[in-house]
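Given next are the chains, with one letter for each unit.
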Amino acid sequence: MWLDEADGFAEIFKGYLPYYLLVALPIFIIMSPVNPVAASHEFSVYRMQQYDLHTVPHGCRSASFNLEGRSLTSWSTSRHCVVARIQDITIEQFMEVRIKAGALLLVLPKNDTVLTPEEKEHIQLLEMAMTQQEINAPVYFAKWTPEFEDILKDLQHSFITDDKSGTALEAMFNTVSSNGYQIVVSASTPQKMDSKPVTIHGKLMGRSGAAQTIVIAAHYDSAGLVPELSQGADSNASGAVALLELARIFSRLYSTAAVRGGPSLVFVLTSVGHSLNYFATKKWLEEQLDSTDASLLTDVSFVMCLDSLSSPQLKMHVSKPPKPGGAANSLRSRLKAPIVHKKINLADELLAWHHERFSIRRMTAFTLSSLQSHKDPARSTILDTPSETSLKNLAANIAVTARALASHIYNLTDEENEEDSALYDDALGVEEASIKHWYEYLSSQPRAPQIVTTSSPNAGVTAALERALSRYMDVTVGTHAIDKREPEYTLYSPVRSLLYVYSVKPAVFDLILTLAIIAYLTVVYFAIQLFPRFYEEYAKLVTGKAKVH
């Protein structure tokens, strides 16, 4: 009886159970928490700028990739996308990544106000180094999120390179136990953008018979490594805000003949600044000076350009020192601003300051700025964001500039300025609410040339500035064409994309898991095949003991 039961029981295991295991076990493993592919994460990412200046390529030349994510310390080949915080990567590491890695993804700080001065300087210098290079690999930037923070920590602690492992077994264990990430950006191939730079200008007429003209100019675009993240609060939202406030102040003074100044005032806002060599200003000057019926810029006294005014102590940047007794020197003495002299070098790829475009056309011109040098990395950084301190400095600098310009126009001495202080405070007082509104509006959105020159002049920032300036004078909006055969510059899209991050196990894990499953099924299979013999021996042993008793 025992043997019959044993034979029947053994046949069940021998004939059917292994086949059930072969089907059930892989299903169980696939459905278990050891699933090698988890749900994906989706992020908005922003591509590093790509443009050509006089046919010379700059910036990132690629857009799409599908690579394994690695940290700064664990990547090794072009099959890896290096993921790091922007404050952690050094210029030397970037140079190596630029040559060898497949892609680069940099995560911005959670809050740039908590960065130390050393960290801010490091990021700005890194941006300068990246801007000067042509990069074939895709380079993207992402805003900080808790999910990205987890991914960064996981990448930093998961992968340990062979040279940091004590033994080969330890290195293999670290590899098998680590969590990996597959990073994918599916973007279109970079395409040329239809860029149409814009100039907005208006004029306040001086007293009849007075022929001199004072030009006040500023560019309203921003420059930065990442077009979609270039807010440009100081450079040059501050300059555009200052121009609007000066237009408001002097439109009041010029509204009545009794107090109207002698020279006419021309206000000019351009959509392309120093990053593209002040192209819009160049085209506007050609239209105003080279046409036979142009009369806007007859007998220009001087050109005052406004750039980066959010720090204390204005400087007057000039290509030629102002002549004693000249109009520019008269304004400088009233501003009490130190002179920073730099000659124009036409061999340089970029002009240093906005006023150089006017100086090339033999006009007396200068730039008022709170920066000491045109090479200051603060002019082209994604860290150029608004702050209350900058807003207060801007309002103070506008007030100083307005008072000095009015003093020059009405030829008032310091003694007369003091006597008419109350009149000045009333007529030249700045509207801090208006300054704050425009400062916050302009610095709340990206204004890179890739954005402001490719949108309609009747929409966005350009339309808002045109409406603002038209409150104080008649305004003309001009659109400038780029030479199709020999373009002065070319911009490329895309500027933003979607990035997908898939949590995956490394290939070695899949291999070892497969081998483990095969080994387990082999053991189970042979155990079941040998089970009848084992059961017979067990049954004999049990029946033998029963007979003895």
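Scroll up to find the structure this text is about.
Owing to the predicted nature of the structure, the values given are computational and were not obtained by experimental measurement. (Residues numbered from 1 in each chain as written. Predicted model: local features only at pLDDT ≥ 70, side-chain atom pairs only at ≥ 80, totals over all residues. Heavy atoms only, no water.)

Novice: Can you explain the overall build of the protein chain? Please cite residues and give values.
Specialist: The secondary structure content of the protein chain amounts to 18 helices and 20 strands. A buried classification covers 50% of the 549 residues belonging to the protein chain. Considering only contacts within the protein chain whose residues lie at least 6 apart along the sequence, 80% involve residues at least 24 apart. Carbon and sulfur atoms form 55% of the exposed surface of the protein chain, whose accessible area is close to 26,600 Å². (Helix = DSSP H or I, 4+ residues; strand = E, 2+ residues; numbered from the N terminus. Buried < 20%, exposed > 50% of the residue type's maximum accessible area, 1.4 Å probe, protein only. Contact = heavy atoms within 4.5 Å. Areas by Shrake-Rupley, 256 points an atom, 1.4 Å probe, with all protein chains shown as cover.)

Novice: Help me get a handle on the pairing of strand E11 (residues 198–204), residues and values and all.
Specialist: In the case of a regular strand, side chains alternate between the two sheet surfaces. The buried count for E11 comes to six of seven residues, which makes it a mostly enclosed element. Where E11 lies against strand E18 (residues 475–479), five bridges are found, and the strand directions are antiparallel. By the bridge assignment for E18, Val198 is matched with Thr479. Looking at chain direction, E11 and strand E13 (residues 264–270) are connected through six bridges and run antiparallel. Counted as the bridge partner of Lys203 is Val266 from E13. (Pairing = 2+ DSSP bridges.)

Novice: How would you explain the sheet that holds strand E10 (residues 191–192) if you had to name every residue and give the values?
Specialist: Taken together, five strands build an open sheet; the order of strands is E7-E3-E2-E19-E10 and the sheet is mixed. At either margin of the open sheet sits one strand with a lone partner, and together these are strand E7 (134–135) and E10.

Novice: Just give me the short version of the sheet that holds strand E12 (residues 213–219), but keep the residues and values in it.
Specialist: Taken together, the eight strands give an open sheet; going across it, the order is E16-E15-E17-E14-E12-E13-E11-E18, and neighbouring strands pair in mixed fashion. The sheet terminates laterally at strand E16 (339–341) and E18, the two strands that pair on one side only. Across the sheet, the mean angle from the axis of one strand to that of its neighbour is 25 degrees, orientation sign disregarded. Here four bridges tie strand E15 (residues 315–318) to strand E17 (residues 365–369), and the two strands are oriented antiparallel to one another. Opposite Val318, over in E17, you have Phe366 as the bridge partner. Each of strand E14 (300–306), E15, E16 and E17 touches helix H9 (residues 327–335); the most contacted strand, E14, lies at about 45 degrees to it. (Axes fitted to C-alpha atoms, helices over the stretch in contact; angles between N-to-C directions.)

Novice: Hey, could you go over the side chain of His408 for me, with residue numbers and the actual values?
Specialist: Turning to its location among the elements, His408 is positioned in helix H11 (residues 388–409). Within the structure, the side chain of His408 is placed 3.0 Å from the side chain of Ser330, a separation counted as a polar contact. Excluding its chain neighbours within four sequence positions, the residues that come into contact with His408 are Ile214, Phe302, Ala327, Ser330, Leu331 and Arg334. (Polar contact = N/O pair within 3.5 Å; in protein donor to acceptor, adjacent residues only side chain to side chain.)

Novice: I'd like a description of the pattern of salt bridges, backed by residues and values.
Specialist: If you walk through the whole model with that rule in mind, you get twelve salt bridges. One network of salt bridges, in which partners are shared, links Arg85, Asp88 and Glu149. (Salt bridge = Lys/Arg side-chain N within 4 Å of Asp/Glu carboxyl O.)

Novice: Just give me the short version of the pairing of E14, but keep the residues and values in it.
Specialist: Most of E14 is tucked away, with seven of its seven residues classed as buried. Two elements, E12 and E14, share five bridges in a ladder whose sense is parallel. For Ile216, the partnering residue across the bridge sits in E14 and is Met304. Bridge count for E14 against E17 is four bridges, and the pairing is parallel. Within E17, the position partnered with Leu306 by the bridge is Leu368.

Novice: Now, about the nonpolar core: what can you tell me, with residues and values included?
Specialist: Core analysis: the largest hydrophobic core is formed by 59 residues, its most contacted members being Phe250, Phe267, Met304 and Leu306. If you tally residues by element for this core, the top one is helix H7 (residues 233–253), at twelve residues. Discounting chain neighbours no more than four positions away, the residues touching Phe267 are Ile200, His201, Gly202, Leu204, Ile216, Leu243, Leu246, Ala247, Leu469 and Met473. Core analysis: the second largest hydrophobic core is formed by 28 residues, Leu72, Phe94, Leu104 and Leu108 among them. (Core = buried A, V, L, I, M, F, W, Y, C linked by side-chain atoms within 4.5 Å.)

Novice: Outline unusual backbone geometry, listing residues and values.
Specialist: Negative phi values dominate among residues other than glycine, just as trans dominates among peptide bonds. Here the residue pair Ser235 and Asn236 is connected by a cis peptide bond, since its omega of 5 degrees sits within 30 degrees of zero. Within the secondary structure, Asn236 is located in helix H7. Omega for the peptide link from Ser493 to Pro494 comes to 5 degrees, which places this bond in the cis form. Tracing the backbone shows Pro494 in the loop between strand E19 (489–493) and strand E20 (496–504). Residue Asp299 is not a glycine yet carries a positive backbone phi of 55 degrees. With respect to the helices and strands, Asp299 occurs in the loop between helix H8 (279–290) and E14. Residue Asp299 is classed as partly exposed on the basis of its relative accessible area of 45%.

Novice: Describe the environment of Asn277, listing the residues and the values that go with them.
Specialist: The topology assignment puts Asn277 in the loop between E13 and H8. Residue class for Asn277 comes out buried when judged on its relative accessible area of 8%. Beyond its immediate chain neighbours, meaning those up to four positions away, Asn277 contacts His54, Glu349, Leu350, Leu351 and Arg357. At 3.2 Å, the side chain of Asn277 and the backbone oxygen of Glu349 are in polar contact. Polar side-chain contacts of Asn277 include one of 2.7 Å to the backbone nitrogen of Leu351.

Novice: Now, about a nonpolar patch on the surface: what can you tell me, with residues and values included?
Specialist: Taken together, the side chains of Leu511, Ile512, Leu515 and Ile518 make up a nonpolar region of the molecular surface, amounting to roughly 360 Å² of accessible area. Locating Ile512 in the fold gives a position in helix H17 (residues 507–529). On the basis of relative accessible area, Ile512 is assigned to the partly exposed category, the value being 33%. (Patch = residues over 30% accessible without salt bridge, like charges linked within 9 Å, V, L, I, M, F, W, Y side chains within 5 Å.)

Novice: How would you sum up the side chain of Asp221? Please name residues and give values.
Specialist: Mapping Asp221 onto the fold places it in the loop between E12 and H7. For the buried residue Asp221, which engages in no salt bridge, the nearest side chain bearing the opposite charge is Arg447, 7.0 Å off. Looking at Asp221, its side chain comes within polar contact range of the side chain of His219, at 2.7 Å. Of the polar contacts made by the side chain of Asp221, one reaches the backbone nitrogen of Gly273; its length is 3.0 Å. (Lys, Arg positive; Asp, Glu negative; His and termini not counted.)

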